[in-house]
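A structural walkthrough
Here are the chains, one letter per residue:
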Amino acid sequence: MATERPLVIVTRKLPDVVETRLRELFDARLNLEDRPFTRDELIAAVKEAHVLVPTVTDRIDRAVLSQAGPDLKLIAQFGTGVDNVDLDTARNRAIIVTNTPGVLTEDTADMTMALILAVPRRLTEGAALLKSGSDDWQGWSPTWMLGHRIYGKRLGIVGMGRIGQAVARRAKAFGLQIHYHNRRRVASDVEKSLEATYWDSLDQMLARMDIISINCPHTPATYHLLSARRLALLKPSAYVVNTARGEVIDENALARMIDNNELAGAGLDVFEHEPAVNPKLLRNEKVVVLPHMGSATLEGRVDMGEKVIVNIKTFLDGHAPPDRVHPAMF
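Residues numbered from 1 in each chain as written. Predicted model: local features only at pLDDT ≥ 70, side-chain atom pairs only at ≥ 80, totals over all residues. Heavy atoms only, no water.

**What to know about the nonpolar core**
Quick reminder of the rule: For this analysis, a nonpolar core means a set of buried residues of the types Ala, Val, Leu, Ile, Met, Phe, Trp, Tyr and Cys, connected via side-chain atoms within 4.5 Å. Buried residues are those whose accessible area, probed at 1.4 Å on protein chains only, stays under 20% of the maximum for their type, while exposed residues exceed 50% and partly exposed ones sit between those limits. Numbering of helices and strands starts at the N terminus; helices are DSSP runs of H or I of at least 4 residues and strands are runs of E of at least 2. Whether two residues are in contact is decided by their heavy atoms: any pair within 4.5 Å suffices.
In this structure, Val158, Ile212, Ile214, Leu231, Leu234, Leu254 and Leu263 are the most contacted members of the largest nonpolar core, which totals 29 residues. For this core, the secondary structure elements donating two or more residues are helix H9 (202-206), strand E9 (211-214), helix H11 (251-259) and strand E11 (265-268). For this core, the element with the highest residue contribution is H11, accounting for five residues. With near-sequence residues (within four places) excluded, leucine 263 lies in contact with Leu231, Leu234, Lys235, Pro236, Ala238, Leu254, Met257, Ile258 and Lys286.

Next up, the structure:
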């Protein structure tokens, strides 16, 4: 690098310990207000930064990258997904892109399991009722707030990577039968330990499951993977849980089907048009909605920051960053 302390521009506020370390190592320009960058601010950042540290909510597309200055050689994403970055344009401009894989696996799997429990057992409905001060609850009753048992039910996992397998481990402990669809079948020892059944056909799996958990990345190939046609394959008693990316599900179709009692409900931590959420989903008691907080633990965010720093430091030392994103991943 031409400067001893390269300019690292960070688009959102990070945990204090991470920001302190960034300041120590680099000429770090931080976003202390935690206000999302506008498009013009993103363009200004890529024009002068040596390293850009965006998050999954920053759209680093061709129009932004086409205005990058000659010093920008690394985009060190603070996040696992990189669907917000135009990887082809970055590669054509010799800009390396890294991410932070692995560190959020357990946190996201915890939240997935929480939603798998919350929706059939109507947890948020019960909590909201008590907090509202309603007189509807007069004490325990044999027929009050009845949900559905999850023990013995079939869980279909779409995407059996690190997070999908972590979800399967938790679900198996709760007595769920594990089924999965993946681009490639996982190793036989993994299948055996999870007692997991592989389905080559996503359509056939969907038609037979009680709960569907979405744990695959958003790519052009997975956009609306759960289309209106595929959602219609599900049993009316089935639930859908999504902690991956909102774009994987046709959200309008999902909302319509739940409204029409064609699906039993959904647990959603991500949405197709974040931060906007379909009003039908918000007002339906059979839908548990969370504000994209599946990975929101302090430990996870610090681990992400440490990975970002390692990627930057390794790159500046003249070596290949450990979490470089390769086209072959997609």
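**Side note on the UniProt feature "domain: D-isomer specific 2-hydroxyacid dehydrogenase NAD-binding" (unreviewed entry) in the protein**
Let me state the cut-off plainly: UniProt positions are given in the numbering used here, feature names are shortened, and annotations may be inferred rather than shown by experiment.
UniProt records the feature "domain: D-isomer specific 2-hydroxyacid dehydrogenase NAD-binding" (unreviewed entry) for residues 113-294 in the present numbering. For residues 113-294, the end-to-end C-alpha separation is 10 Å, with 31% helix and 15% strand making up the annotated structure.

**A look at the sheet that holds strand E8 (residues 196-198)**
Put simply, the test is: Any two strands between which DSSP finds at least two bridges are classified as paired. Every axis in this analysis is a line fitted to C-alpha atoms, fitted for helices over the stretch in contact. Angles between the N-to-C directions lie between 0 and 180 degrees.
Strand order in the open sheet formed by seven strands is E8-E7-E6-E9-E10-E11-E12, and the pairing between neighbours is parallel. Looking at which strands have only one partner, the edges of the open sheet turn out to be E8 and strand E12 (287-289). Within the sheet, the average angular offset between the axes of one strand and its neighbour, ignoring direction, is 20°. Across three bridges, the pairing between strand E7 (residues 177-181) and E8 is parallel. Its bridge partner being in E8, tyrosine 180 is matched across the sheet by tyrosine 198. Contacts from H11 reach strand E10 (239-242), E11 and E12 within the one sheet, and its direction differs from that of E11 by about 140°.

**Examining the pattern of salt bridges**
Quick note on the threshold: Here, a salt bridge means any Lys or Arg side-chain nitrogen found within 4 Å of an Asp or Glu carboxyl oxygen.
Under the counting rule described, the total for this entry stands at 23 salt bridges. Residue glutamate 19 pairs with lysine 13 through a salt bridge whose shortest N-O separation is 3.1 Å. Across the pair arginine 122 and glutamate 125 runs a salt bridge whose closest N-O atoms are separated by 3.1 Å. Note on arginine 122: relative accessible area 26%, which makes it partly exposed.

**With respect to the packing of helix H5 (residues 105-118) against helix H7 (residues 162-173)**
Heads up, the condition is: Roughly parallel means an angle under 35 degrees; roughly antiparallel means over 145; roughly perpendicular covers 65 to 115; every other angle is labelled oblique. Left-handed describes a crossing whose near helix is turned anticlockwise from the far helix through less than a right angle; right-handed describes the clockwise counterpart. All amino acids are sorted into three groups, where Ala, Val, Leu, Ile, Met, Phe, Trp, Tyr, Cys and Pro are nonpolar, Asp, Glu, Lys and Arg are charged, and the leftover types, Gly among them, are polar.
Where H5 meets H7, the closest approach of the two axes is 9 Å, and the angle between their N-to-C directions is 50°. The angle between H5 and H7 places the two elements in the oblique class. Handedness of the crossing formed by H5 with H7: right-handed. Residues Thr105, Glu106, Thr108, Ala109, Asp110, Thr112, Met113 and Ile116 of H5 pack against Arg162, Ile163, Ala166, Val167, Arg169, Arg170 and Ala171 of H7. Of the residues in the contact of H5 with H7, the class split is seven nonpolar, three polar and five charged.

**Observations regarding empty space enclosed by the protein**
How we decide: Cavity means a closed set of points on a 1 Å grid over the protein atoms alone, one where a 1.4 Å probe fits but cannot get out, pocket means an open set with protein on both sides within 12 Å along at least 5 of 7 lines, and lining means a residue has an atom within 4 Å of a point. Grid points are joined across faces, edges and corners, and a volume is the space filled by probe spheres set on the points.
Within the structure shown, the criterion is met by one cavity of 30 Å³ or more. Lining the largest cavity we find Asn242, Gly246, Ile249, Glu251, Leu254, Leu268, Val270, Phe271 and Leu281. A breakdown of the residues in the lining of the largest cavity according to their chemical character gives six nonpolar, two polar and one charged.

**What about the packing of aromatic side chains?**
To keep it simple, the criterion reads: Only Phe, Tyr and Trp rings take part, Trp by its six-membered ring, and two of them pair if their centres are within 6.5 Å. Stacked means planes under 30 degrees apart, edge-to-face means over 60, and tilted covers everything else.
All chains considered together, the criterion is met by one aromatic pair. Residues tyrosine 180 and tyrosine 198 carry aromatic rings whose centres are separated by 5.2 Å and whose planes lie at 45° to one another, so their mutual orientation is tilted. Of the two residues, tyrosine 180 sits in strand E7 while tyrosine 198 sits in strand E8, which places them 18 residues apart along the sequence.

**Considerations on unusual backbone geometry**
Here glutamate 274 and proline 275 are connected by a cis peptide whose omega angle stands at 5°. With respect to the helices, strands and loops of the structure, proline 275 is situated in the loop between E11 and helix H12 (279-283). Positive phi values are uncommon outside glycine, yet glutamate 195 reaches one of about 50°. Structurally, the position occupied by glutamate 195 is in the loop between helix H8 (188-194) and E8. Within the chain, asparagine 261 stands out as a residue other than glycine whose phi angle is a positive 60°.

**Points about the domain arrangement of the protein**
How big an interface is tends to be reported as the loss of accessible area on association of its parts. What counts, and what does not: Domains are outlined according to an automatic or database domain assignment. Buried area is calculated as the accessible area (1.4 Å probe) missing from two parts once they are joined, with the contributions of both summed.
Considered domain by domain, the protein is made up of domain 1 (7-99 + 297-329) and domain 2 (104-289). One C-alpha centre belongs to domain 1, the other to domain 2, and the line joining them spans 32 Å. Every contact between the two is made by nine residues of domain 1 and, on the other side, five residues of domain 2. Carbon and sulfur atoms supply 45% of the area that domain 1 and domain 2 bury against each other, a total of about 540 Å² over both sides. If you sort the residues of domain 1 by the area they bury against domain 2, Thr80, Asp83 and Thr297 come out on top, with a joint share of 55%. Across the domain 1-domain 2 interface, the total number found is one salt bridge. Between arginine 245 and aspartate 83 there is a salt bridge, with the nearest N and O atoms lying 3.6 Å from each other. Tallied by class, residues from the side of domain 1 that touches domain 2 come to three nonpolar, four polar and two charged.

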